[in-house]
Amino acid sequence: MNPCANYIGGRWSPAHEGATFERRNPADPSDLIGRFPASGPADAAAAVASVDSAKLAWAKTDPEKRQHVLERAAELILGRVDGLARELTREEGKILSAATQEWRRAAANFRLYAGEALRTAGETFPTVDSTLVYSVREPVGIVLAITPWNFPVSIPSRKIAPALATGNGVIYKPSEVTPLSGQRMVEILLEAGLPEGVIALVQGRGADLGDALIKPAAVGAVTFTGSYQTGCRIHQAAGPDKRLQLEMGGKNPCIVLDDADPTRAAQIATQGAFSLTGQACTATSRVLVAGAVYDSVVREIVARARAFRIGNGLDPEVTMGPLASEAQYRKVLEMIDIGRKEKLHEAFGAGQLESPLPEIGYFVAPTVFVDVPPESRLAREEIFGPVVCVSRVSGYEEALRLANAVEYGLAASIVTRDMGRALSFARDIDAGVIKVNSATGGVSLMAPFGGLKHSSNQTNKEQAGHGVMDFYTRTKTVYLST
Ligand code: NAP
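Residues numbered from 1 in each chain as written. Predicted model: local features only at pLDDT ≥ 70, side-chain atom pairs only at ≥ 80, totals over all residues. Heavy atoms only, no water.

Within the structure shown, the criterion is met by 23 salt bridges. Across the pair Arg184 and Glu87 runs a salt bridge, and its minimum N-O distance is 2.7 Å. Of this pair, Arg184 sits in helix α6 (residues 179–191) while Glu87 sits in helix α3 (residues 81–92); the two residues are 97 residues apart in sequence, bridging distant segments of the chain. When the shortest N-O distance is used, the salt bridge between Glu381 and Arg377 registers 2.7 Å. Glu381 sits in the partly exposed class, given a relative accessible area of 27%. If you follow the salt bridges from partner to partner, you end up with Glu22, Arg24 and Arg35 in one network. (Salt bridge = Lys/Arg side-chain N within 4 Å of Asp/Glu carboxyl O. Helix = DSSP H or I, 4+ residues; strand = E, 2+ residues; numbered from the N terminus. Buried < 20%, exposed > 50% of the residue type's maximum accessible area, 1.4 Å probe, protein only.)

Here is the structure:
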């Protein structure tokens, strides 16, 4: 087992300046996960230089070899998934079943992109003379992956795997909240046969480190998932000529029409709102319910919120873990407080829990605000915790207007038996992921995924269906005459 470290130039090493930061279990902060390097610009420069010198050899590697490394990484993950999942639960807080599912998804991503390594082909084009015109795809060079803590293995896997499959070198900066998961992914890739130096792992945080990773000309592409605010900073640091993929936040609505079954609607809304303790970019944050079913949907949402068992995600009885960090905990409590100051009606919250929250750890009760007006901050801002706002609407038209009246456009769902309405909704809603009669969260492996408006810069979708490898390759067109 390696010490908690950066991986730069084929070596596990501390930060240049020797600084470290601690990561602790959010369900039990007395449980130290590890002390990781607090890297600075010198570490970033070393990472860029080392991957720059290794990337060409990897680009020239037979695609079958690249495929094999990714396949092997998937096998290694599946062979030790229980241990990896337990570690992920300790580090991030999500319940064990979700952590297991996440590592399995990472393995599936490695398999998917292993196959894509063999399919990255160019094209030939018809010409009037005997010139052969064809396009070739080549790696962009170095791909920098900057990732959030809420899916600390599945999101990196769907950035790192396609980057490696297409022959790029990779610099990977995990969130400071989930450094161990980041380290595990790199260890697995190395064990799977990834040559030394093709990947660099740089732990740490802050704009100085970010800028030093993003700005060098050798970094050909930056793939980022995180908040809109950070996305804006990264956009600025990257400048106009760097390839940039920004997948950002959401404020996702679930619309319930008056022909919906209230029980099913409440199940869909609650699953969307409270899975992963509400810490999903696609989490349902607003439920817009038509008047005829409003009272019964609210009643059922409250009953489901009450039924959660809150505690340490390692306990198999627990259905909701803690928030991932103290900062996130404070932010969510602050938003709940804002709701109270705005005098919103709290239909369920910490005060109504049947058993008190655990005394230690960053636990927050599932919280349901009802009759929330659209101008409330809670109805407009991303909360990223187990808080849902329910609002009464007169019908589809008002629901659609309110659903679209926010800056984000990631996921949206509708619960209705009217498929005509559902199709209109799919056309009219400003969201990149649209669900009919299912929760906003949860997406398929290969289908395009990404948002609109503040949720994504839209230039290169992550997980892009057939175009999935476009971001990681650049195209040259050759005109060949004899
Ligand atoms: P975040 O604070 O924006 O951080 C994301 C990553 O960016 C972290 O690795 C962070 O490092 C790094 N970072 C922060 N400032 C930086 C800078 N100036 N330069 C370079 N990197 C910098 O987001 P988060 O709190 O981790 O994640 C939650 C957010 O992610 C939510 O808004 C959620 O909706 C969004 N999200 C979106 C998707 C999607 O697919 N659209 C999926 C998951 C999450 P440190 O944390 O170490 O500072």
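What follows deals with the sheet that holds strand β21 (residues 473–480). Spatially, β5-β6-β21 is the arrangement adopted by the three strands of the open sheet, whose pairing is antiparallel. Single-partner strands in this sheet number two, and they are β5 (123–125) and β21. Neighbour-to-neighbour, the strand axes of the sheet open up by a mean angle of 25 degrees, direction not taken into account. Here β5 pairs with strand β6 (residues 132–139) via three bridges, running antiparallel. (Pairing = 2+ DSSP bridges. Axes fitted to C-alpha atoms, helices over the stretch in contact; angles between N-to-C directions.)

Here the domain parsing of the chain yields domain 1 (6–248 + 456–480) and domain 2 (252–436). Distance between the C-alpha centres of domain 1 and domain 2: 32 Å. Tallying the contact residues gives 22 residues for domain 1 and 23 residues for domain 2. It is Ala27, Ile95 and Trp149 that lose the most area in domain 1 upon contact with domain 2, and together they represent 29% of the buried surface on that side. Our count for the domain 1 to domain 2 interface comes out at zero salt bridges. With four residues, the single largest contributor to the side of domain 1 that touches domain 2 is α3. The residue makeup of the side of domain 1 that touches domain 2, split by class, is 11 nonpolar, five polar and six charged. (Domains from an automatic or database assignment. Contact = heavy atoms within 4.5 Å. Buried area = accessible area lost by both parts, 1.4 Å probe. Nonpolar A, V, L, I, M, F, W, Y, C, P; charged D, E, K, R; others polar.)

In any sheet, the strands associate via hydrogen bonds between backbone groups, in a parallel or an antiparallel arrangement. Spatially, seven strands are ordered β14-β15-β16-β13-β12-β18-β19 in an open sheet, and the strand pairing comes out mixed. With partners counted over all chains shown, the strands left at the sheet margins are β14 (345–348) and β19 (433–436), one partner each. On average, adjacent strands in this sheet sit at an angle of 20 degrees to one another, irrespective of strand direction. Two elements, strand β12 (residues 252–256) and strand β18 (residues 411–415), share three bridges in a ladder whose sense is parallel. Pairing of Val256 across the sheet is with Val415, part of β18. Sitting on the sheet, helix α9 (residues 262–274) touches β12, β13 (284–290), β15 (367–370), β16 (387–393) and β18, and the angle it makes with β13 is about 160 degrees. Its contacts with the sheet put helix α13 (residues 396–404) on β12, β13, β16 and β18, and the angle it makes with β13 is roughly 160 degrees.

Here we come to the site of the ligand. Around the ligand sit 29 residues in total, of which Thr147, Ser227, Thr230, Met248 and Glu382 are the nearest. Within the side chain of Ser227, an N or O atom sits 2.7 Å from an oxygen atom of the ligand. A distance of 2.7 Å is found between an oxygen atom of the ligand and a side-chain nitrogen or oxygen belonging to Thr230. Considered on its own, the ligand offers 900 Å² of accessible surface; in the complex 91% of this is hidden by protein. Contributing elements (two or more residues each) for the shell around the ligand: α5 (154–165), α7 (207–214), β10 (219–225) and α8 (228–238). Class assignment for the residues of the shell around the ligand results in 13 nonpolar, 10 polar and six charged. For the shell around the ligand, the two domains that each supply at least three residues are domain 1 (6–248 + 456–480) and domain 2 (252–436). (Near = heavy atom within 4 Å. Polar contact = N/O pair within 3.5 Å; in protein donor to acceptor, adjacent residues only side chain to side chain. Areas by Shrake-Rupley, 256 points an atom, 1.4 Å probe, with all protein chains shown as cover.)

Moving on to the nonpolar core. Counting 47 residues, the largest nonpolar core has Trp103, Phe110, Ile160, Leu164 and Leu189 as the members making the most contacts within it. When residues of this core are assigned to their parent elements, the largest contribution, eight residues, is made by helix α4 (residues 96–116). Other than its neighbours up to four places away in sequence, Ile160 contacts Ala145, Val170, Tyr172, Met185, Leu189 and Ile199. Grouped together as the second largest cluster of nonpolar side chains are 33 residues, Ala269, Tyr294, Phe348 and Val370 included. (Core = buried A, V, L, I, M, F, W, Y, C linked by side-chain atoms within 4.5 Å.)

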